[in-house]
Amino acid sequence: MKLYSTKNKDNVADLKEAVMKGLPDDNGLYMPFSIPELPQSFIDNLADYSFQEIGITVCKALFGDYIPSADIEQIVNNAIEFSAPVVRLDDQKYILELFHGPSLAFKDFGARFMAQLMGYFNKEESDKLVILVATSGDTGGAVAAGFYQTLGIEVVILYPSGKVSLLQEKQLTTLGHNITALEVDGTFDDCQTLVKKAFLDSELNKSIRLSSANSINIARLIPQSFYYFEAYKQLSKEGNPIVFCVPSGNFGNLTAGLLAQKMGLPIHHFIAATNKNDVVPAYLDSGLYEPRPSERTLSNAMDVGNPSNFARMVDLYRAFGEANSAVLSAWPGMKTAISGFAYDDLETESAVVEVMNKYNYTIDPHGAIGYLALEKYQKENPDTRGIILETAHPSKFLDDMVRILGHDIEVPDRLAVLKDREKVAHSTPNSYDEFRSWLLSNY
Ligand SMILES: *Cc1c(COP(=O)(O)O)cnc(C)c1O
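A brief look at the structure comes next.

The rules behind each value
- Residues numbered from 1 in each chain as written.
- Predicted model: local features only at pLDDT ≥ 70, side-chain atom pairs only at ≥ 80, totals over all residues.
- Heavy atoms only, no water.
- Buried < 20%, exposed > 50% of the residue type's maximum accessible area, 1.4 Å probe, protein only.
- Helix = DSSP H or I, 4+ residues; strand = E, 2+ residues; numbered from the N terminus.
- Pairing = 2+ DSSP bridges.
- Axes fitted to C-alpha atoms, helices over the stretch in contact; angles between N-to-C directions.
- Parallel < 35°, antiparallel > 145°, perpendicular 65-115°, else oblique.
- Left-handed = near helix turned anticlockwise from the far one by under 90°.
- Contact = heavy atoms within 4.5 Å.
- Nonpolar A, V, L, I, M, F, W, Y, C, P; charged D, E, K, R; others polar.
- Right-handed = clockwise from strand over helix to strand, strands pointing away.
- Near = heavy atom within 4 Å.
- Polar contact = N/O pair within 3.5 Å; in protein donor to acceptor, adjacent residues only side chain to side chain.
- Areas by Shrake-Rupley, 256 points an atom, 1.4 Å probe, with all protein chains shown as cover.
- Core = buried A, V, L, I, M, F, W, Y, C linked by side-chain atoms within 4.5 Å.

1. Considering the pairing of strand β5 (residues 93-97)
Summarising burial for β5: five of the five residues are buried, a large majority. Burial of the side chains of β5 extends over both faces: Lys93, Ile95 and Glu97 are buried on one face and Tyr94 and Leu96 on the other. Strand direction decides the pairing type here: strand β4 (residues 86-88) and β5, joined by three bridges, are antiparallel. Looking at the pairing, Val86 lines up with Leu96 of β5.

2. Focus on the packing of helix α11 (residues 252-262) against helix α13 (residues 310-317)
Between two packed helices, the angle of one axis relative to the other and the distance separating the axes together describe the packing. Between α11 and α13, the least distance of the axes is 9 Å, while the angle of their chain directions is 25°. In terms of orientation, α11 lies roughly parallel with respect to α13. As for how α11 packs across α13, the hand of that crossing is left-handed. Together, Leu254, Thr255, Leu258, Gln261 and Lys262 of α11 and Arg312, Met313, Leu316 and Tyr317 of α13 make up the contact between the two elements. Residues belonging to the contact of α11 with α13 are distributed by class as follows: five nonpolar, two polar and two charged.

3. A look at the pairing of strand β10 (residues 242-247)
Burial runs high along β10: six of the six residues are buried. Alternating positions in β10 separate into two faces, Ile242, Phe244 and Val246 on one and Val243, Cys245 and Pro247 on the other, with burial throughout. The pairing of β10 with strand β13 (residues 385-390) spans four bridges and is classified as parallel. In the sheet register, Val243 faces β13, and the bridge partner there is Gly386. In this fold, β10 hands off to α11, which returns the chain to strand β11 (residues 269-274); that crossover is right-handed.

4. Concerning the site of the ligand
Taken together, 14 residues lie around the ligand, and Lys107, Gly249, Asn250, Phe251 and Thr391 are the ones closest in. At 2.9 Å, a backbone N or O of Asn253 approaches an oxygen atom of the ligand. Summarising the interface, the protein chains cover 96% of the accessible area of the ligand, which totals 380 Å² for the free molecule.

5. Some thoughts on the sheet that holds strand β14 (residues 426-429)
What the five strands build is an open sheet, ordered β9-β6-β7-β8-β14; its pairing is parallel. The sheet terminates laterally at β9 (209-212) and β14, the two strands that pair on one side only. The mean inter-strand angle of the sheet, taken between neighbouring strand axes irrespective of direction, is 30°. Direction of pairing for strand β8 (residues 179-185) relative to β14: parallel, over a ladder of four bridges. Bridging from a neighbouring strand, Val184 pairs with Thr428 of β14. Contacts from helix α6 (residues 138-147) reach β6 (129-134), β7 (153-160) and β8 within the one sheet, and its direction differs from that of β7 by about 165°. Packing of helix α8 (residues 188-200) onto the sheet brings it into contact with β6, β7, β8 and β9, and relative to β6 it is tilted by some 150°.

6. Remarks on the sheet that holds β10
Here six strands make up an open sheet; going across it, the order is β4-β5-β13-β10-β11-β12 and the pairing mixed. Taken across any chain shown, the strands that pair with only one partner, and hence form the sheet edges, are β4 and β12 (338-342). With direction set aside, neighbouring strand axes in the sheet form an average angle of 25°. In this structure, β5 lies alongside β13, joined through five bridges in parallel fashion.

7. Focus on the nonpolar core
Judged by nonpolar contacts, the single largest core of 99 residues is most densely connected at Phe147, Tyr228 and Phe229. Here this core takes ten residues from helix α10 (residues 218-234), the largest share from any one element. Setting aside chain neighbours within four positions, we find Phe229 in contact with Leu38, Phe42, Ile43, Leu46, Ile54, Val58, Ala260, Met263 and Leu265. Formed by 33 residues, the second largest nonpolar core is a distinct cluster that contains Phe341, Ile363, Ala373 and Phe397.

Here it is as structure tokens:
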């Protein structure tokens, strides 16, 4: 499996380099040269495959030339440890629940798979690999759980003191073993700056093997394509064409869906649902891509003003060799494949209430935006079956959910037990010198 940078097709890497580096030096994003189509017999007989077998089939098609089959099987079997059930609302609308992992959000799939793949590549090295992550809350929890007890890998998570929720903090600070939390007296941006400085510090990199668990790592995208197949499999073969509605921020989930479609899954259409950070729906309307600073909303995991995976989406639809810019040349293809809709917080809250009243289903604010977008699409396209990706468990947003619904909601045990676990974090000032010497004395 060879990959290239979206900034320059001559900038090539193999899978190991792409996974361990995360980003090419030219700041593009890695994309596979070939996205193979899976055999029709596999698509026709999805029901005969378990979720893990689906993942193994996808991986073998992508990088079976690079990693032996038995190793691929082990990587996928260890990574895909929780289910992705489809729940029916009515004959038109379905929910794909992606929150059955340890941090209760879909990011568990990507983090877990990346940990397995990095652990696999790292087996050949004698030194420990130290992963540095700055988090404003959610990513850190998924990475911590994903890398927990991965052999040969240490994880250091930097988070801003007092600026993450109690439960988010517990997800970072209660695991122990190879997961260490650094509580930084500063903001999320300060944490990110410390991490960036460490990566650029060539002296430090001679002493410690550093890597990142970046959200745009190709290893996070690949497993997110598995659950499109898994969802498709759970719907009856007979019936209206299937569309996927994806609540989106950095558009990793939606891009993974496009990969699944390219691999032969007959997805009829995609719906991109956003909060008022709507640069992609606006682009689908106008052909103009105008990133801007993000604004805070109720569905805060989607507060993104310049989605990182947009470069990959453009890459999938652009016409090469055209005089027009890549972004403009991608527009006709992308707007045919994807419809985009955006909603504000008030509309989101009403949708949470509507889904409860109409279907007795507790949907979180991110999924609620997906619900609204699917409703809108199906007004014009009623003869479709829509699957909404429910990206997180509603109890992750407990205060807002209780306020909106006016009653308590169920909190899964794996979240509830965190409250009573003891927090262990190393407090540090916002100082690169201190961070650097702490790293050197601990790793
Ligand atoms: C990360 C996240 C999103 C956004 O996903 P992208 O792949 O970045 O578009 C949506 N919902 C929740 C709950 C998330 O944590």
